[in-house]
Amino acid sequence: MLTAHPDPESVPEQCRRKNAIMNVFLIGHGGREHALGWKLAQSPMLTQLWSTGANPGLLSLSKPSHVAPDDHDAIVSFCKVNNIDLVVVGPEAPLVAGLVDDLAAAGIAAFGPGREAARLEGSKHFTKALCDEADIPTAAFGHFSNLADARAYLAEQGAPIVIKADGLAAGKGVTVAMSAAEADAALRDCFDGQFGDAGASVVIEEFMEGEEASIFVLCDGENMVPMASAQDHKRVGEGDTGPNTGGMGAYSPAPVVSDEVLQQTLHNIIAPTLKTLAARGTPYRGVLYAGLMINEDGPKLIEYNCRFGDPECQVLVMRMQSDLLPLLVASASGSLKDVTIDWHDDPALTVVLASNGYPGSYDKGSVISGLDASMDQDNVVVFHAGTREEAGQILADGGRVLTVTARASTIKAAQQRAYDAVDKIDWPEGFCRRDIGWRAV
Ligand code: AMP
Ligand code: GLY
């Protein structure tokens with residue numbers, strides 16, 4: 001059994017090298033990957049961590065590979081030359097593009113689902129059809145590949161209603177339409193090609209009411225180990241208003257996820273999903289992120305993601321006591337049975353600092369200072385997302401730029417601690433929401 005203190009004997013043979021020490025190649029270079037790298041770097045099993053991109057936070061813990069996450073051939077060659085024992089794939093795009101399959105074909109172990117199982121995130125219709133097949137509670141839906149049929153269904157259903165581009169649309173393909181006119185505009189956007197191939201077909205869904213939360217589960221194709229729950233804030237504005245973003249902050253655990261909700265989710269939603277995929281010969285390995293709508297009828301599935309959330313990963317790693325590396329190895333190698341994961345009971349909360357203008361257009365290149373002072377407190381870590389380093393200075397280089405993460409005895413205390421750290425960062429060209437965690441506080 002894998003425990004908080006990794007026992008070299010517990011590391012599956014397939015991934016074991018002499019002394020159970022490992023070279024790990026982490027794919028992706030946002031805030032989520034800095035958080036994963038930060039946690040992996042604490043593992044006594046780690047020999048060397050390699051990374052993609054030029055995230056200065058991640059580069060303080062790893063060596064640069066100079067390989068792009070979408071260049072599968074270059075990743076395979078890099079792994080062979082550098083004796084990589086495990087590839088950890090952070091973002092969804094390489095998973096959906098089949099990076100894990102290409103690595104497997106070259107005999108290289110990887111954490112994350114293969115191409116077919118990653119369709120849980122890559123195609124909304126794939127997931128809805130699977131829910132139908134396995135009787136998983138979710139919103140009623142229709143699936144259409146032309147505007148006329150979609151409009152006819154919309155006329156039957158009326159608003160409020162939810163329009164979703166079928167494929168990966170960088171978080172922008174979903175419209176929660178409060179009026180039929182808004183729904184019709186969203187349909188036209190999809191079929192006019194606004195989302196490229198991702199909008200070639202649409203899912204139209206019943207509007208569900210309730211409170212949203214996410215549950216993260218580690219899977220090895222057969223077994224599952226629940227990790228933790230989290231809640232994120234997708235809207236850019238305070239009070240959860242304004243346009244959707246990749247996420248402006250998060251906290252874990254989510255108070256709405258009671259033991260009962262967790263058990264219902266595992267039993268009614270996740271277990272039948274894993275069983276169905278395994279029966280099809282495309283077992284799910286990696287972390288499964290279930291986005292849920294919770295009300296008095298219990299949890300219903302909104303969507304699946306095939307990777308850790310960003311910024312939910314940041315709060316998960318802050319709460320995780322166990323060594324992450326043997327857990328990822330066990331997921332990749334089918335040996336999660338009887339594994340348990342230890343967590344700090346204390347909650348964690350993260351605040352995203354974004355460039356002024358995000359999620360619209362924004363400038364790059366402004367100087368950020370005060371980062372060292374901001375981390376000068378116990379249980380505070382500032383994870384880098386869209387930053388770069390130039391001449392010893394940290395510069396903004398993206399929309400979501402930093403995630404300021406804190407753990408404390410209550411969500412309110414974690415919120416206070418995170419904002420104390422935020423206030424030490426000097427970056428006039430950036431902003432954050434001041435109300436992360438409001439529902440829980
Ligand atoms: P998704 O990318 O599928 O998670 O959708 C983005 C957001 O849209 C979700 O986090 C929800 O806030 C909202 N949403 C998606 N589907 C529904 C639904 N059927 N009913 C209500 N809200 C939804
Ligand atoms: N924070 C939402 C996501 O990672 O999809």
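What you see is a predicted model; the values in this text were computed from it and never measured.

What counts and how
Residues numbered from 1 in each chain as written. Chains lettered and ligands numbered in written order. Predicted model: local features only at pLDDT ≥ 70, side-chain atom pairs only at ≥ 80, totals over all residues. Heavy atoms only, no water. Near = heavy atom within 4 Å. Polar contact = N/O pair within 3.5 Å; in protein donor to acceptor, adjacent residues only side chain to side chain. Areas by Shrake-Rupley, 256 points an atom, 1.4 Å probe, with all protein chains shown as cover. Helix = DSSP H or I, 4+ residues; strand = E, 2+ residues; numbered from the N terminus. Nonpolar A, V, L, I, M, F, W, Y, C, P; charged D, E, K, R; others polar. Core = buried A, V, L, I, M, F, W, Y, C linked by side-chain atoms within 4.5 Å. Buried < 20%, exposed > 50% of the residue type's maximum accessible area, 1.4 Å probe, protein only. Contact = heavy atoms within 4.5 Å. Axes fitted to C-alpha atoms, helices over the stretch in contact; angles between N-to-C directions. Parallel < 35°, antiparallel > 145°, perpendicular 65-115°, else oblique. Phe/Tyr/Trp six-rings, centres within 6.5 Å; stacked < 30°, edge-to-face > 60°. Pairing = 2+ DSSP bridges.

## Some words on the site of ligand 1
Phase 1 of the analysis: Residues in contact with ligand 1 amount to 15 residues; listed here are only the nearest, Glu 205, Glu 206, Met 208, Glu 212 and Glu 303.
Phase 2 of the analysis: For ligand 1, a nitrogen atom lies 2.9 Å from a polar atom in the backbone of Glu 206.
Phase 3 of the analysis: Taken by itself ligand 1 offers 470 Å² of open surface, and the protein chains cover 89% of this.
Phase 4 of the analysis: For the shell around ligand 1, the secondary structure elements donating two or more residues are β7 (161-165), β8 (174-177), β9 (202-206) and β16 (298-305).

## Focus: the site of ligand 2
Phase 1 of the analysis: Around ligand 2 lies a shell formed by Asp 232, Gly 246, Tyr 289, Asn 305, Arg 307, Gly 309, Asp 310, Pro 311 and Glu 312.
Phase 2 of the analysis: A distance of 2.9 Å separates a nitrogen atom of ligand 2 from a polar side-chain atom of Glu 312.
Phase 3 of the analysis: Burial of ligand 2 by the protein chains amounts to 88% of its free accessible area of 200 Å².
Phase 4 of the analysis: Looking at side-chain class alone, the shell around ligand 2 contains two nonpolar, three polar and four charged residues.

## A closer look at the nonpolar core
Phase 1 of the analysis: Within the largest apolar cluster, 47 residues are counted, with the highest numbers of intra-cluster contacts made by Phe 25, Val 87, Leu 103, Val 257, Ile 270 and Tyr 284.
Phase 2 of the analysis: No other element matches helix α10 (residues 259-279), which puts seven residues into this core.
Phase 3 of the analysis: Each residue touching Tyr 284, except ones within four places of it in the same chain, is listed here: Pro 113, Ala 117, Leu 120, Cys 219, Asp 220, Gly 221, Leu 274, Leu 277, Asn 305, Cys 306 and Arg 307.
Phase 4 of the analysis: Within the second largest apolar cluster, 44 residues are counted, among which are Val 24, Leu 26, Val 88 and Ile 341.

## Observations concerning the packing of helix α7 (residues 124-134) against α10
Phase 1 of the analysis: α10 packs onto α7 with a crossing angle of 100 degrees between their chain directions and a minimal axis gap of 10 Å. Comparing the axis directions of α7 and α10 gives the class roughly perpendicular. Residue-level inspection shows Phe 126, Leu 130, Glu 133 and Ala 134 of α7 in contact with α10, the latter providing Pro 272, Thr 273, Thr 276 and Leu 277.

## Description of the packing of aromatic side chains
Phase 1 of the analysis: Summed over all chains, the structure comprises six aromatic pairs.
Phase 2 of the analysis: Ring centres 6.3 Å apart and planes at 25 degrees place the aromatic pair Phe 111 and Phe 308 in the stacked group. You can see Phe 111 sitting in strand β5 (residues 110-111) and its partner Phe 308 sitting in the loop between β16 and α11 (312-319), a full 197 residues away along the chain.
Phase 3 of the analysis: With a relative accessible area of 2%, Phe 111 lands in the buried category.
Phase 4 of the analysis: Judged by centre distance (5.0 Å) and plane angle (45 degrees), the ring pair of Phe 144 and Tyr 153 falls under tilted.

## Examining the sheet that holds strand β18 (residues 367-368)
Phase 1 of the analysis: Read across the sheet, three strands follow the order β18-β21-β20 without closing on themselves; strand pairing throughout is antiparallel. On the outer flanks of this sheet lie β18 and β20 (387-390), each paired with one strand and no other.
Phase 2 of the analysis: Here β18 runs beside strand β21 (residues 393-396); their pairing, made up of two bridges, is antiparallel. Bridging across to β21, Ile 368 finds its partner in Ile 394.

## A look at unusual backbone geometry
Phase 1 of the analysis: With an omega of -5 degrees, the peptide bond between Ala 159 and Pro 160 qualifies as cis.
Phase 2 of the analysis: By secondary structure assignment, the location of Pro 160 is in the loop between α8 (147-157) and β7.
Phase 3 of the analysis: One non-glycine residue, Asn 83, lies in positive phi territory at about 50 degrees.
Phase 4 of the analysis: Along the chain, the position of Asn 83 falls in the loop between α3 (72-81) and β4 (86-89).

That's the geometry; what it means functionally is another story.
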